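Summary of structural features
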Amino acid sequence: MKETRFIAQNKEKWQEAETLLESHVKEPEKLSNLFIQVVDDLSYSRTYYPNRSVRVYLNKIARQYFSIIYSHKKEKTNQFKLFWLEELPQIILYSRRELLISLLVFLLSFSIGVFSSYKDPQFVSTILGESYVSMSEQNIQKGDPMAVYKQSHQVDMFLGITFNNLMVAFRTYVLGIFIGIGTLGSLLYNGIMVGCFQYYFIAHGLFIESSLSIWLHGTLEISSIILAGGAGLTLASGLIFPGTYSRLQSLQLSGIRSLKLMLGITPVFVLAAIIESFLTRYTDAPTFFKLLLIILSAAFIIGYFVVYPWLKSRSGFKFPLKETKLQPRTNELVNFTQIKTNADILKDTFQFYSRQNTKILPWIFMVSVGVSASSFLIENGISSITGNEWWDSLFSDMQFALSTPSPEFILINSLGTSII
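Read on for a plain summary of the structure. Given the structure is predicted, the values throughout are model-derived calculations rather than measurements.

A short note on the overall build of the protein
The helix and strand inventory of the protein stands at 16 helices and 0 strands. Buried positions account for 35% of the 420 residues belonging to the protein. Partitioning the contacts of the protein with sequence separation of at least 6, the portion at a separation of at least 24 is 72%. In the form shown here, the protein has an accessible surface area of approximately 27,000 Å², with 64% of it arising from carbon and sulfur atoms.

What follows is the structure, encoded as structure tokens:
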């Protein structure tokens, strides 16, 4: 069918569709029927008239109809409820291996802290600091070993603790980008610190009193750090084990999952800060009340982050975990002779370095090592290594040239940098 005949045959229908778009009152049934017809005509025009204006015209009408129909479409499920009851438990189940590794590393580091403090009493001061240990000693002598939780105003303490806890969790998570080594290091440090802190009071015969105060909020706080460690290892797993994806695509997928896991544990940190700021300070509260709150906190962590995902996996999730849609990888050639916008230049730069990184990175490494070694020798002298003072004289001259560059030196430096 010729384009002119196609237009003449459907002209009235398209005019009716435009009229309905301009109308304030839109009949749902008529809107739906015209939308289907316009989409059919658009598909036909894409096939037979892909480069003609009729395709652009129909595409514009179809987009307007699509916007009207689907902008008023109500979600059948509550997205907030769906996240906490369906999506997050699936992510926890998916990351169960990383979460288990995080738990084991923390327990191991906690044991290291306790054992090291038992063998060397000075180890506590090394980890916690001399000032903190001295303050705790004074509080114990005054008969109030947990007085550290009473020093600040409740609101100020809540804001400070919340910020600190979130920073610790965020740091533990983000360090996972270094193939998980940073996350493991953060878990190791925090575990040792908690072990030293707990053993310090055990050594002073305050095991029960200190445990009831520390774990009143620590049950949620330490659990959240372990969960943040699991999120960091989940992030790292995408980088280490890409599977059938490229390493960058796998990192994108694991990054989105781990971010959602971090979002899920944020309220737990806030709740732990509330307990520490407003409740832990009452050290003379009944033991039954403290023990009950610790048990409820542990039951919540185990119930929601362990038992509930397992039960949901047995019974089946109502909605499967949505996979993130990745943009297809394109191997566009970079045209160096074309005038481009800043956005195109930035895109081409990333593409160039991503393709040539295996050639560029070794040179960057060698130059960095060379510059670092030269700087070290200039600052410290080379005679300590070679025993020859002539080298010291040469490097002293180089240091003077670097600190007071002449125009010739600037030219040589610029030329050398450009070549590199």
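Thoughts on the packing of helix α10 (residues 207–240) against helix α11 (residues 247–278)
Interhelical geometry of α10 versus α11 gives an angle of 175° and a closest axis separation of 8 Å. On the basis of the axis angle, α10 is roughly antiparallel to α11. Taken together, the residues that form the contact of α10 with α11 break down as 18 nonpolar, 9 polar and 3 charged.

Some remarks on the nonpolar core
Residues I92, L261, M262, I265 and F305 are the most contacted members of the largest nonpolar core, which totals 36 residues. Secondary structure elements with two or more residues in this core: α4 (79–94), α5 (96–119), α8 (154–174), α9 (181–203), α10, α11 and α12 (287–315). It is α10 that provides the largest number of residues to this core, a total of 11 residues. Membership of the second largest hydrophobic core comes to 17 residues, among which are V124, F158, F197 and I214.

Description of the packing of aromatic side chains
Scanning all chains against the criterion turns up 18 aromatic pairs. Taking the centre distance of 5.1 Å and the plane angle of 85° together, the rings of F83 and W84 count as edge-to-face. By relative accessible area, W84 is classed as partly exposed at 22%. Between Y132 and F197, the aromatic rings sit 5.9 Å apart at their centres with planes inclined by 50°, giving tilted as the arrangement. Pair noted here: Y132 is in helix α7 (residues 130–141) and F197 is in helix α9, with a separation of 65 residues, a long-range link.

Reading guide: rules and limits
Residues numbered from 1 in each chain as written. Predicted model: local features only at pLDDT ≥ 70, side-chain atom pairs only at ≥ 80, totals over all residues. Heavy atoms only, no water. Helix = DSSP H or I, 4+ residues; strand = E, 2+ residues; numbered from the N terminus. Buried < 20%, exposed > 50% of the residue type's maximum accessible area, 1.4 Å probe, protein only. Contact = heavy atoms within 4.5 Å. Areas by Shrake-Rupley, 256 points an atom, 1.4 Å probe, with all protein chains shown as cover. Axes fitted to C-alpha atoms, helices over the stretch in contact; angles between N-to-C directions. Parallel < 35°, antiparallel > 145°, perpendicular 65-115°, else oblique. Nonpolar A, V, L, I, M, F, W, Y, C, P; charged D, E, K, R; others polar. Core = buried A, V, L, I, M, F, W, Y, C linked by side-chain atoms within 4.5 Å. Phe/Tyr/Trp six-rings, centres within 6.5 Å; stacked < 30°, edge-to-face > 60°.

Bear in mind that shape data such as this cannot, by itself, settle questions of function.
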